[in-house]
Amino acid sequence: MQTKRVVITGIGTINPLGNSVKEFFTNLEKGVSGCEPIEEFDTTLFKTKFACRIKDYSPEKFGFDRKEVRKYGKFSQYALIAAKEAIEDSNLDLASMNLSRVGVILGSGIGGIYELNQEIMGYVEGGKTPRYSPFLIPGVITNIAAGNISIKYGLKGPNYVVTSACASSLHAINDAYNMIQLGKADVMITGGTESPISEPGVGGFGSLMALSTRNDDYKTASRPFDKNRDGFVIGEGAGIIILEDYERAVARGAKIYAEITGVGITADAYHITAPQPDGTGASEAMFNAIQEAGLSTKDIDYINVHGTSTTIGDIAELNAIKNVFGEDAYDISISSTKSMTGHLLGAAGAIETIACIFAINRSIIPPTINFSEEDENIDYKLNLTLNKAQHREVNHALNNSFGFGGHNCSIVLSKLK
């Protein structure tokens, strides 16, 4: 069976580096930290008091009225904002399209945890009479972000959400890619969204010893590959891309940012939170993605690593890269944009896919910021793009996402030839 080619024709985002793609790209190149003190709740009793937050956010500024604010959780709001930008960027004329051939598949790890916590705390503080909002359940379930986009634009194609922890949005992009490849849709809106900055979000990851506690120097807390890294910085936001059948995109004169040429999906089958130390599962995901793309290890110019700034994870991923690429690993540009955005959990892969699009279209490798001291367990002969962006032509980029439970996904994005 011959499959269709799949290209990216629109992008949209709201994240800690910007409330639009333009802002995101500007700050990505500059190497800006999106980290700041948490304002969503009192952090007095918390070990971690900072996060990578969206700046100057209010739903009203993005056109949501009072009723919509009650109805949409923050993670749904973020998805709708990013989807609007992506659809406008793609120049799709939805009014003239068969909307049964347009779908939405998103990724979200924990959905409306912020709103769920708000409702529970209101009940506890308000006494024994339960006074939950009728919008609670439809507002917090992870699938509702995709549902809300479908409802807003009348899209009747495939519609659901993938939940696989921090691999969620790359898995979602893979599913959307498959829908077009197999001819089950013409256009797919895909990506991920997350709003985890809340007491249970910060407290829960903190109890796992997964979060940085660098409260006295929070701007540099997300420091992948640095000897003094002490955990990731939790972040929020959404990234949305428009996938389209290549022939359809060309016929309508769409601008094409990149083509998805290969995907690899594996499982560690090892531990609920820790990766395999030798990175075997991650290695297989990368190898499978490159093989599906019909490329060799010499063809990959850039890897946007999962790179969360955890002691074990960073080493395991670099081991995996060396396992796959061998000596070719030293010719590749590697960076972790989580050093700037923080870790957006289920939305991370989507944001980092847009960072790969930036690298392909601007010929700029975004930096891994906040590096200051070498770790004896890390090979710094690898080009980790430390502290400063680098100029390089990128024809093929590899994006990695790995999630709790051992979920691994790698995607190859290629410049259109």
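Here we come to the overall build of the chain. If you tally the helices and strands in the chain, you get 13 helices and 14 strands. C-alpha atoms of the chain, sized along the principal axes, occupy 65 × 55 × 40 Å. Split into buried and exposed, the 417 residues of the chain put 61% on the buried side. Within the chain, contacts between residues at least 6 apart in sequence are counted, and of these 79% link residues at least 24 apart. Here the chain has roughly 16,400 Å² of accessible surface; of this, 51% comes from carbon and sulfur atoms. Across the chain, the 38 positively charged side chains and the 48 negatively charged ones have centroids separated by 5 Å.

Before going further, it helps to spend a moment on the packing of aromatic side chains. In this structure the tally under the stated criterion is 10 aromatic pairs. Their ring planes at 55° and their centres at 5.1 Å tell us that Phe25 and Phe358 sit as a pair that is tilted. Of the two residues, Phe25 is situated in helix H1 (residues 21-30) and Phe358 in helix H13 (residues 348-362); the sequence distance between them amounts to 333 residues. The pair Phe25 / Phe358 is uniform in exposure class, with both members buried. Seen from their ring centres, Tyr57 and Tyr78 are 5.3 Å apart, and the 80° between their planes marks the pair as edge-to-face. In this pair, Tyr57 is assigned in the loop between strand S3 (50-52) and helix H2 (66-71) and Tyr78 in helix H3 (residues 74-90), connecting sequence segments 21 residues apart. In this structure Tyr78 comes out as buried when scored by relative accessible area, which is 1%. An aromatic cluster is built from Phe24, Phe25 and Phe358, whose rings are joined through pairwise contacts.

In terms of burial, strand S8 (residues 258-267) is largely enclosed, as 8 of its 10 residues are buried. Where strand S1 (residues 6-14) meets S8, 3 bridges bridge the pair, whose relative direction is antiparallel. Each bridged residue has a counterpart across the sheet, and for Val6 the counterpart in S8 is Ile260. Two elements, S8 and strand S14 (residues 407-414), share 8 bridges in a ladder whose sense is antiparallel. Bridge pairing links Thr266 to Asn408 in S14.

Take the state of the cysteines next. Scanning all chains against the criterion turns up 0 disulfides. Lacking any disulfide linkage, Cys52 is separated from the closest cysteine sulfur, that of Cys35, by 4.5 Å. Looking at the unpaired Cys409, the closest cysteine sulfur is the one in Cys356, lying at 12 Å. Assessed through its relative accessible area of 0%, Cys409 is described here as buried.

On to empty space enclosed by the protein, then. Following the criterion strictly, the structure yields 1 cavity of 30 Å³ or more and no others. Lining the largest cavity, in full, are Ser33, Gly34, Cys35, Cys52, Tyr218, Lys219, Ser222, Val233, Ser339, Met340 and Asn370. Tallied by class, the residues present in the lining of the largest cavity amount to 5 nonpolar, 5 polar and 1 charged.

Calculation notes
Residue numbers here run from 1 along each chain, matching the order of that chain's written sequence. Reporting of local features is limited, given that this is a predicted model, to residues whose pLDDT is at least 70; pairs of side-chain atoms are given and counted only at 80 or more, and all residues count toward the totals for whole chains, interfaces and linings. The basis for every side-chain value is the complete set of heavy atoms in the structure, and neither hydrogens nor water enter the calculation. By the criteria applied, helices consist of DSSP H or I runs no shorter than four residues and strands consist of E runs no shorter than two, each listed in order from the N terminus. Burial classes: relative accessible area under 20% of the type maximum marks a residue as buried, over 50% as exposed, and values in between as partly exposed (1.4 Å probe, protein chains only). Residues count as neighbours in contact if any of their non-hydrogen atoms are within 4.5 Å of one another. Note on areas: Shrake-Rupley with a 1.4 Å probe; residue coverage comes only from the protein chains shown. His residues and chain termini do not enter the charge count, which takes Lys and Arg as positive and Asp and Glu as negative. Charged side chains are reduced to one point each, which is NZ for Lys, CZ for Arg, CG for Asp and CD for Glu. Under the pairing criterion, centres of Phe, Tyr and Trp rings, with the six-membered ring standing for Trp, must be within 6.5 Å; the plane angle then separates stacked pairs below 30 degrees from edge-to-face pairs above 60, leaving the rest tilted. Pairing between two strands is assigned when DSSP locates at least 2 bridges connecting them. The rule for a disulfide is simple: a pair of cysteine sulfur atoms within 2.5 Å. Definitions used for this entry: grid spacing 1 Å over protein atoms alone; cavity, a set of points where a 1.4 Å probe fits but cannot get out; pocket, an open set with protein on both sides within 12 Å along at least 5 of 7 lines; lining residue, one with an atom within 4 Å of a point. Grid points are joined across faces, edges and corners, and a volume is the space filled by probe spheres set on the points. Under the convention adopted here, Pro, Cys and the residues Ala, Val, Leu, Ile, Met, Phe, Trp and Tyr are nonpolar, Asp, Glu, Lys and Arg are charged, and Gly plus all remaining residues are polar.

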